[in-house]
Amino acid sequence: DTAVSQTPKYLVTQMGNDKSIKCEQNLGHDTMYWYKQDSKKFLKIMFSYNNKELIINETVPNRFSPKSPDKAHLNLHINSLELGDSAVYFCASSQNSGFQETQYFGPGTRLLVL
Amino acid sequence: GESVGLHLPTLSVQEGDNSIINCAYSNSASDYFIWYKQESGKGPQFIIDIRSNMDKRQGQRVTVLLNKTVKHLSLQIAATQPGDSAVYFCAENYSPSAGYSTLTFGKGTMLLVSP
């Protein structure tokens, strides 16, 4: 009964390729997030969607495009992959985007760009 | 003891000891704080939270203390077990406007528990 799931778990690809990571939550939450965790374990928010609408878009290259087909799914498409994109990407969800909401994280997608 | 490693501060303790992990947060307007545990190869897992109108909250074997005056948060783990070995993150929640809040994570502390 995985609450927040991501696919794939591992992704190894060449520079310049385009790839997608998928995320699904079965918690009935309205809000979903993408985070990037670098090699030093630093976690930084990238995007947040509430009920399929973008509400947070941090300073992320426009090669990264999130898409939310419904409120249970938030996918991340990355164009023209670069070496610096190598990281672990975490999806998370919360009941809603408002006041003092706990976020629940998926298991992560480990992206390695060669 | 506590030391600053190449990447993460690391706290090494013996099984059965009590552990204290500290965190300094940055935004005095943050109103909600969460501690997460991240085991190797897994996503961050919620441990305990505290709202800004409290200074202490207890869970099972864990206690969080909040000192808003100096913007400091701590996580105390009683009778630490080898299964507690992980990276621990504090996170501060800030709501700049109604219906919208953002979570900012600290750098993380690695806890190593020796049997």
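Residues numbered from 1 in each chain as written. Chains lettered and ligands numbered in written order. Predicted model: local features only at pLDDT ≥ 70, side-chain atom pairs only at ≥ 80, totals over all residues. Heavy atoms only, no water.

Engineer: Any chance you could explain the state of the cysteines here in plain terms?
Structural biologist: Disulfide: a covalent bond formed between the sulfur atoms of two cysteine residues. Residue and element names in this part refer to chain A. What the rule picks out here adds up to two disulfides over all chains. Across a sulfur-sulfur distance of 1.9 Å, cysteine 23 and cysteine 91 are joined as a disulfide pair. Disulfide cysteine 23-cysteine 91: torsion about the S-S bond near -80 degrees, hence left-handed. Of this pair, cysteine 23 sits in strand β3 (residues 19-25) while cysteine 91 sits in strand β9 (residues 87-94); the two residues are 68 residues apart in sequence, bridging distant segments of the chain. For the pair shown, cysteine 23 and cysteine 91 are each scored as buried. (Disulfide = S-S within 2.5 Å. Helix = DSSP H or I, 4+ residues; strand = E, 2+ residues; numbered from the N terminus. Buried < 20%, exposed > 50% of the residue type's maximum accessible area, 1.4 Å probe, protein only.)

Engineer: How do you make sense of the side chain of threonine 109 of chain B when you look at a structure like this?
Structural biologist: Relative to the helices and strands, threonine 109 of chain B is located in strand β11 (residues 109-114). Ignoring anything within four residues of it in the chain, the contact list for threonine 109 of chain B reads Pro9, Leu11, Ile21, Asn22, Ala86, Val87 and Tyr88 of chain B. (Contact = heavy atoms within 4.5 Å.)

Engineer: Before we go on, may I ask you to explain unusual backbone geometry in this structure?
Structural biologist: Excluding glycine, a negative phi dihedral is what most residues carry, and trans is how most peptide bonds are arranged. Residues and elements named next belong to chain A. Between threonine 7 and proline 8 the backbone carries a cis peptide bond, its omega angle lying at -5 degrees. Note on placement: proline 8 falls in the loop between β1 (4-7) and β2 (10-13). With a phi close to 50 degrees, asparagine 51 is a non-glycine residue in the positive phi region. Along the chain, the position of asparagine 51 falls in the loop between β5 (43-50) and β6 (53-57). Despite not being glycine, serine 80 has its phi angle at roughly 45 degrees, a positive value. With respect to the helices, strands and loops of the structure, serine 80 is situated in the loop between β8 (73-78) and β9. Judged by its relative accessible area of 38%, serine 80 is partly exposed.

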